[in-house]
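Reading the structure
Now for the letters of each chain:
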Amino acid sequence: MAENTKTAKLTIGENTYDLPILSPTVGPDVLDIRKLYGQAGVFTYDPGFTSTAACDSTITYIDGEKGELMHRGYPIDQLAGQSHYLEVCFLLLYGHLPTAAELEDFETTITRHTMIHEQMHMFFRGFRRDAHPMATMVGVVGAMSAFYHDSTDISDPRQREIASHRLIAKMPTIAAMAYKYSIGQPFVYPRNDLDYAANFIHMCFAVPAEQYHVDPILARAMDRIFTLHADHEQNASTSTVRLASSSGANPFACIAAGIACLWGPAHGGANQACLEMLKEIGTVDRIPEYIARAKDKNDPFRLMGFGHRVYKNMDPRATVMKQSADEVLELLGVENNPLLQVAKELEQIALSDPYFVEKKLFPNVDFYSGIILEAMGFPTSMFTPIFALSRTVGWISQWKEQLSDPQMKIGRPRQLYLGENARDYTDIENR
Ligand code: SDX
């Protein structure tokens, strides 16, 4: 628990209350208001949690002003450039970079959990072919609690670990199956001779009729996308997983809740919405029309892929993603992709426009990811499932951290009630 060496004074009327100030490793101090209601009989008010720390954590830290992100202290650009996704998964789950032996053991464990129960294939057949893959993923991941009863007891650390491994291992299989089902192609089983990212690409694009060779460049780009989306402090979907977990719900139900929350276009659904926006803009000469719409208070349109609750500078993930977009599109021979040109021009125009500068609206992780994914052959409907696949390790790491916190309580916010005062029921003939 953080140290409490300072105290804030809160005066309400004649009374003054001491609020302990908790000091973090890095970042803003935190006012501890846990006893406020008991002492002063008042609530705090913070819809959207813009100024509220819901927990303490040692996993990820974001400096929004500087545009910095680190996992267990390691900067994201170093992890994206020098590490790989399963090693980052180990780091997020266990708090340190693995030794060679630890990494080999972890990768073997994950590889050996990539298949799903054969009977779960039947779930996919219950969906319409044109169901959004996120709908399928929410359903199938939630249904995992009906199959893996030996890893749903959250009081058992070993079961928690098995559930963590199963979810990290099986999400690519489930996402790929959702894709295959949506295009009417047969499911492709995972292969233990392929690494995590290559396996996902193979399950998505291979067909039984012929050999499919995974381009190592694409596999590297895929792995980097997974790493860039792995965890991000207490974002909306992670907070959803923590709140679901606080009631004692099983890990599969909690992750299904996280997937559902991520789907929204203000959150993980922004990568799909961003690419659809770039396609709607179409050409560079139409950018000013959309910039004007984004600034118009009477127009609900927002520039998808821009802005962030925490980053008031460039999202460091977007910087890495932009470099990756240049590399991947050049390797694919589509460096003149008109969408990439529109994206780069839009970024330049927005970053020099006073509206975006004053509101500190910069490109976020979702701005360039869709361009890469589309160039790799994924339909826009698969963009958010890939985000969900990547973020599963973050959700699970935060879930594990919360369950091991002796102070954990069920999350139960209060409210500012503005409804009717008490009144008597009236019979219908008197209304
Ligand atoms: C993710 O939290 C995380 O960490 C999330 C994430 C993760 O890894 O988990 O980083 C992933 O969700 C990234 C964000 C993806 N979403 C989008 O790209 C959708 C477009 N962005 C916006 O919807 C918005 O910027 C949010 C939702 C991301 C943040 O919204 P906030 O923090 O609640 O800010 P706000 O809506 O109060 O906006 C502040 C001002 C407003 O203007 P005023 O009312 O002050 O005049 O900025 C404006 C907004 O209208 N604004 C935008 C804008 N985003 C904010 N105007 C135009 N275009 C935009 N994109």
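Here the residue numbering is sequential within each chain, running from 1 through the sequence in written order. Reporting of local features is limited, given that this is a predicted model, to residues whose pLDDT is at least 70; pairs of side-chain atoms are given and counted only at 80 or more, and all residues count toward the totals for whole chains, interfaces and linings. For the side-chain quantities, the full set of heavy atoms in the structure was used; hydrogens and water were omitted.

The chain is annotated in an unreviewed UniProt entry as Citrate synthase from Donghicola mangrovi. UniProt lists a comment for the chain under the heading Catalytic activity (unreviewed entry), and it reads "oxaloacetate + acetyl-CoA + H2O = citrate + CoA + H(+)". UniProt positions are given in the numbering used here, feature names are shortened, and annotations may be inferred rather than shown by experiment.

**Describing the UniProt feature "active site" (unreviewed entry) in the chain**
Residues annotated by UniProt as "active site" (unreviewed entry) correspond here to H308 and D366. Over a stretch of 59 residues, the named residues converge on one spot in the fold, their C-alpha atoms separated by at most 10.5 Å. By the element assignment, H308 lies in the loop between α13 (287-295) and α14 (316-331). When accessible area is computed with a 1.4 Å probe and restricted to protein chains, residues below 20% of their type maximum are described as buried, those above 50% as exposed, and intermediate ones as partly exposed. Under the relative-accessibility criterion, H308 is labelled partly exposed at 24%. The way it works is that DSSP assigns letters per residue, a run of H or I at least four long becomes a helix, a run of E at least two long becomes a strand, and they are numbered from the N terminus.

**Some words on the sheet that holds strand β4 (residues 60-63)**
Spatially, β4-β5-β6 is the arrangement adopted by the 3 strands of the open sheet, whose pairing is antiparallel. The open sheet has two free edges, formed respectively by β4 and β6 (74-75), since each of these has just one partner strand. Strand pairing is defined by DSSP finding a minimum of two bridges between the two strands. When β4 meets strand β5 (residues 68-71), the two strands line up antiparallel, connected through 4 bridges. From the neighbouring strand, I62 faces β5, where its bridge partner is L69.

**Quick look at the site of the ligand**
When we say a residue is near a molecule or strand, we mean one of its heavy atoms is within 4 Å of it. Surveying the vicinity of the ligand reveals 24 residues, the closest of which are H232, H308, R309, R317 and R391. One of the side-chain nitrogen or oxygen atoms of R302 is found 2.9 Å away from an oxygen atom of the ligand. Definition of a polar contact: a pair of N or O atoms within 3.5 Å, with one able to donate and the other able to accept a hydrogen when the atoms are protein atoms, and with sequence-neighbouring residues admitted only if both atoms are side-chain atoms. Between the ligand and the protein, one listed contact pairs a nitrogen atom with a backbone N or O atom of F306 at 2.8 Å. Under the convention used here, a 1.4 Å probe and the Shrake-Rupley method define accessible areas, while residue burial counts only the protein chains that appear. Here the ligand loses 76% of its free accessible area of 1100 Å² to cover by the protein chains. Classification used: nonpolar for Ala, Val, Leu, Ile, Met, Phe, Trp, Tyr, Cys and Pro, charged for Asp, Glu, Lys and Arg, polar for all others including Gly. Tallied by class, the residues present in the shell around the ligand amount to 10 nonpolar, 7 polar and 7 charged.

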